[in-house]
Every structure is written in C-alpha cells, then in structure tokens.
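In case you want the letters, here they are:
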Amino acid sequence: MANNGADVKPNQGVGATSTTTNTAENTGGTATPKQNGLAVLGKHAGVSATQTIVEYATFAILHLIGVPSQIANGIAVVCSATYNFVMNRNVTFKSSSNFTRSVALFVLLWGWFAVAFVIMVVIAFAIIGMQRAMSSTTRQNTHGNHHDNILSQRGYHRAD
C-alpha cells in the first residue's frame, strides 16, 4: 500500500516507515545528502539572483516615474524581500508548514532587524558626535598652544 511516499507497516508504530518507497522520484536511485544540498544551494542562488533583479527593476521603475530615491529604495527592498521569502519557502525548501505562521515569523524577524538597525544608527551617531566634540576641543587646544608657542618665541607672553 503506497502512501505517496513510504509504506507504513501496522506493527511499526506511529510515524515509522519502511525503507521501500513507491514514488517516481526515487525509482532512478537515491540521492546522497551532498547532492540534495547542492540542489538546494543551486535553487537558493537562483532565487537570490532573481531577487536582485526584482529589487533593481522595482527601484528603477519607481525612480523613473518620479518616486523619490529613498522611498523607491524602501519599496524595492520590501518587494525583493517578500519575493525572496515566497520563492525560498515554495521553491528552494518546499515548505509545507503553516503559511500564516511563517509570514508572522518573517514579519517579526524584519521587525527585529529594524529595531537593531535603529539602535546601531543611534550608537553610530553618538560615537560620531563624541569624536567631533573631542576633535573640536583638541583643535582649539592645539591652536591655542601653537599661538602661545609663536608668541613666546617672539618674546611675548600671554596673560591668562
């Protein structure tokens, strides 16, 4: 009795399968894990390449019709990420899990990336601000010391 995959014997227990299968996929021999991994890698590379095309094409079209670059880029990134999610889920990995749950997890992951990005930008601007403040103070001190050195070389002394 074929079950579109593996034959299950009643005395093996729930979820147990035998090693004989009746599917058309497996009649030509069995694929090694390395071959399966290479196939998945090839599919993933193809999806990623087409995702790049989707992103650039979306940006170019939106930019050509007059959408500002920042907005066009944001829309293009969302479109390409959505395309990547759907294609990897359905083509590369052939997932059969709950679609709504997968989308919810994907959106949560994007939310997490957005929060992490904002935190990194705030930290970067804080570091840049501190560097500018320190650089400005250093320049003022250096300029004052240099001026004092020139005056003292000429025999003048600065009154503090």
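Quick notes on the rules
Residues numbered from 1 in each chain as written. Predicted model: local features only at pLDDT ≥ 70, side-chain atom pairs only at ≥ 80, totals over all residues. Heavy atoms only, no water. Helix = DSSP H or I, 4+ residues; strand = E, 2+ residues; numbered from the N terminus. Buried < 20%, exposed > 50% of the residue type's maximum accessible area, 1.4 Å probe, protein only. Contact = heavy atoms within 4.5 Å. Areas by Shrake-Rupley, 256 points an atom, 1.4 Å probe, with all protein chains shown as cover. Phe/Tyr/Trp six-rings, centres within 6.5 Å; stacked < 30°, edge-to-face > 60°. Patch = residues over 30% accessible without salt bridge, like charges linked within 9 Å, V, L, I, M, F, W, Y side chains within 5 Å. Salt bridge = Lys/Arg side-chain N within 4 Å of Asp/Glu carboxyl O.

Chemist: So what's going on with the overall build of the protein chain? Residues and values would help.
Modeler: In terms of regular secondary structure, the protein chain is built from three helices and zero strands. Taken from the N to the C terminus, the helices and strands of the protein chain come in the order α-α-α. Counting over 160 residues, the protein chain shows a buried share of 12%. Within the protein chain, contacts between residues separated by at least 24 positions form 34% of all contacts whose residues are at least 6 apart in sequence. Surface exposure of the protein chain reaches about 12700 Å², of which carbon and sulfur atoms provide 65%.

Chemist: How would you explain the packing of aromatic side chains if you had to name every residue and give the values?
Modeler: Aromatic ring pairs are reported here in terms of the distance separating the ring centres and the angle at which the planes meet. Overall, the coordinates contain three aromatic pairs when judged by the stated rule. Where phenylalanine 85 meets phenylalanine 99, the ring centres are 6.4 Å apart and the plane angle is 45°; that geometry is what we call tilted. Of this pair, phenylalanine 85 sits in helix α2 (residues 69–92) while phenylalanine 99 sits in helix α3 (residues 99–153); the two residues are 14 residues apart in sequence, bridging distant segments of the chain. Here phenylalanine 85 falls in the buried class, since its relative accessible area comes to 17%. Here phenylalanine 99 falls in the partly exposed class, since its relative accessible area comes to 43%. Each residue in the set Phe85, Phe99, Phe106 and Trp110 is aromatic and connected to the rest through ring pairs, giving one cluster.

Chemist: Tell me what's going on with the environment of glutamate 55, and back it up with residues and numbers.
Modeler: Relative to the helices and strands, glutamate 55 is located in helix α1 (residues 33–64). For glutamate 55, a relative accessible area of 25% translates into the label partly exposed. The spacing of glutamate 55 and serine 80 is 25 residues in sequence and 5.0 Å in space, taken between C-alpha atoms. Setting aside its immediate chain neighbours within four residues, glutamate 55 contacts Asn73, Ala76, Val77 and Ser80.

Chemist: Report on a nonpolar patch on the surface, specifying residues and quantitative values.
Modeler: Nonpolar side chains collect at one region of the surface, where Leu109, Trp112, Phe113, Val115, Ile119, Ile123, Ile127 and Met130 lie side by side and expose about 810 Å² of accessible area between them. Looking at isoleucine 123, the relative accessible area reads 47%, which means it is partly exposed.

Chemist: Just give me the short version of unusual backbone geometry, but keep the residues and values in it.
Modeler: When glycine is set aside, most residues are seen to have a negative phi, and most peptide bonds are trans. Of note, the phi angle at lysine 94 is positive, near 45°, even though the residue is not glycine. Along the polypeptide, lysine 94 turns up in the loop between α2 and α3.

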